Amino acid sequence: MKKTTLFFLSAALWISCQKSGQKNLLADAQWLVGNWENKAPEGQFSEIWSQGENGTLNGKSYFIVNKDTLFSEKIELSQKDDAVFYTATVKGQNNNQPVAFKLTASKSGELVFENPKHDYPQKIVYKKVNDDSLVAIISGSQQGKQSLEQFPLKRAK
């Protein structure tokens, strides 16, 4: 009995040590933190990213035309075990339920998230151009045709 108890305690300690040594995959996304915007004659698109609890990154984006918000979403970048997820909740879409996109590629200044089962987009990419600009790209099949939209953003001063 003592050997069994000792075995389970040792196993639990080993597992907890393994989890505490888990790599923080969200560290590669810290460059997103800040206020980003694109002012154009059509309106203003903005994304705001902040550090959340438990290492998550919280974001929100919106598109405003003549003081009317035409689009808004809440975003969370979170790590679950060895995977990172971009989870978006868009007001008025998907019954206001969150949609998760899994990080499929990450390199210096670029994050690629995918969800092939989502209607549109199926792919979301963030590319850091420099410290003060980035491009967000959404793409996938939309109504049977391939579509790609780019959103260049500058850091708000």
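Residues numbered from 1 in each chain as written. Predicted model: local features only at pLDDT ≥ 70, side-chain atom pairs only at ≥ 80, totals over all residues. Heavy atoms only, no water.

### Remarks on the overall build of the chain
Point 1. For the chain, the helix and strand inventory stands at 1 helix and 10 strands.
Point 2. Helices and strands in the chain line up, N terminus first, as α-β-β-β-β-β-β-β-β-β-β.
Point 3. Residue burial in the chain is summarised as follows: out of 157 residues, 33% are buried.
Point 4. Approximately 10600 Å² of the chain is accessible, and the part contributed by carbon and sulfur atoms is 53%. (Helix = DSSP H or I, 4+ residues; strand = E, 2+ residues; numbered from the N terminus. Buried < 20%, exposed > 50% of the residue type's maximum accessible area, 1.4 Å probe, protein only. Areas by Shrake-Rupley, 256 points an atom, 1.4 Å probe, with all protein chains shown as cover.)

### Some thoughts on the pairing of strand β9 (residues 133–142)
Point 1. With respect to burial, β9 is a largely interior element, 8 of its 10 residues being buried.
Point 2. Sheet analysis places strand β8 (residues 123–130) next to β9, joined by 7 bridges and oriented antiparallel. When the sheet's bridge partners are listed, Val125 is paired in β9 with Ile137.
Point 3. The turn linking β8 back onto β9 is made up of 2 residues.
Point 4. Across 10 bridges, β9 lies against strand β10 (residues 145–155) in antiparallel orientation. (Pairing = 2+ DSSP bridges.)

### Concerning the environment of Gly92
Point 1. By the secondary structure assignment, Gly92 is in the loop between β5 (83–90) and β6 (99–107).
Point 2. Between the C-alpha atom of Gly92 and that of Ser72, which follows or precedes it by 20 residues, the distance is 9.1 Å.

### Points about the side chain of Ser147
Point 1. When you line up the elements, Ser147 lands in strand β10.
Point 2. Under the relative-accessibility criterion, Ser147 is labelled buried at 19%.
Point 3. Within the structure, Ser147 has its side chain in polar contact with the side chain of Tyr120 (distance 3.2 Å).
Point 4. Beyond its immediate sequence surroundings of up to four residues, Ser147 is in contact with Tyr120, Ile138, Ser139, Gly140 and Gln142. (Polar contact = N/O pair within 3.5 Å; in protein donor to acceptor, adjacent residues only side chain to side chain. Contact = heavy atoms within 4.5 Å.)

### Focus on the sheet that holds β6
Point 1. A barrel is described by the order of its strands in space; here 10 strands give the closed sequence β1-β2-β3-β4-β5-β6-β7-β8-β9-β10, paired in antiparallel fashion. In this sheet, adjacent strand axes meet at a mean angle of 25° when their direction is disregarded. (Axes fitted to C-alpha atoms, helices over the stretch in contact; angles between N-to-C directions.)

### Side note on the packing of aromatic side chains
Point 1. In this structure the tally under the stated criterion is 6 aromatic pairs.
Point 2. One aromatic cluster is present, formed by Trp49, Tyr86, Phe101, Phe113 and Tyr126 through successive ring pairs. (Phe/Tyr/Trp six-rings, centres within 6.5 Å; stacked < 30°, edge-to-face > 60°.)

### Side note on the pattern of salt bridges
Point 1. Evaluated as defined, the whole model comprises 3 salt bridges.
Point 2. In this structure, Glu37 engages Lys39 in a salt bridge whose closest nitrogen and oxygen atoms are separated by 3.8 Å.
Point 3. Notably, a salt bridge pairs Asp132 with Arg155, separated by 3.7 Å at the nearest N-O pair. Of the two residues, Asp132 sits in the loop between β8 and β9 while Arg155 sits in strand β10, which places them 23 residues apart along the sequence.
Point 4. For Arg155, a relative accessible area of 26% corresponds to the partly exposed category. (Salt bridge = Lys/Arg side-chain N within 4 Å of Asp/Glu carboxyl O.)

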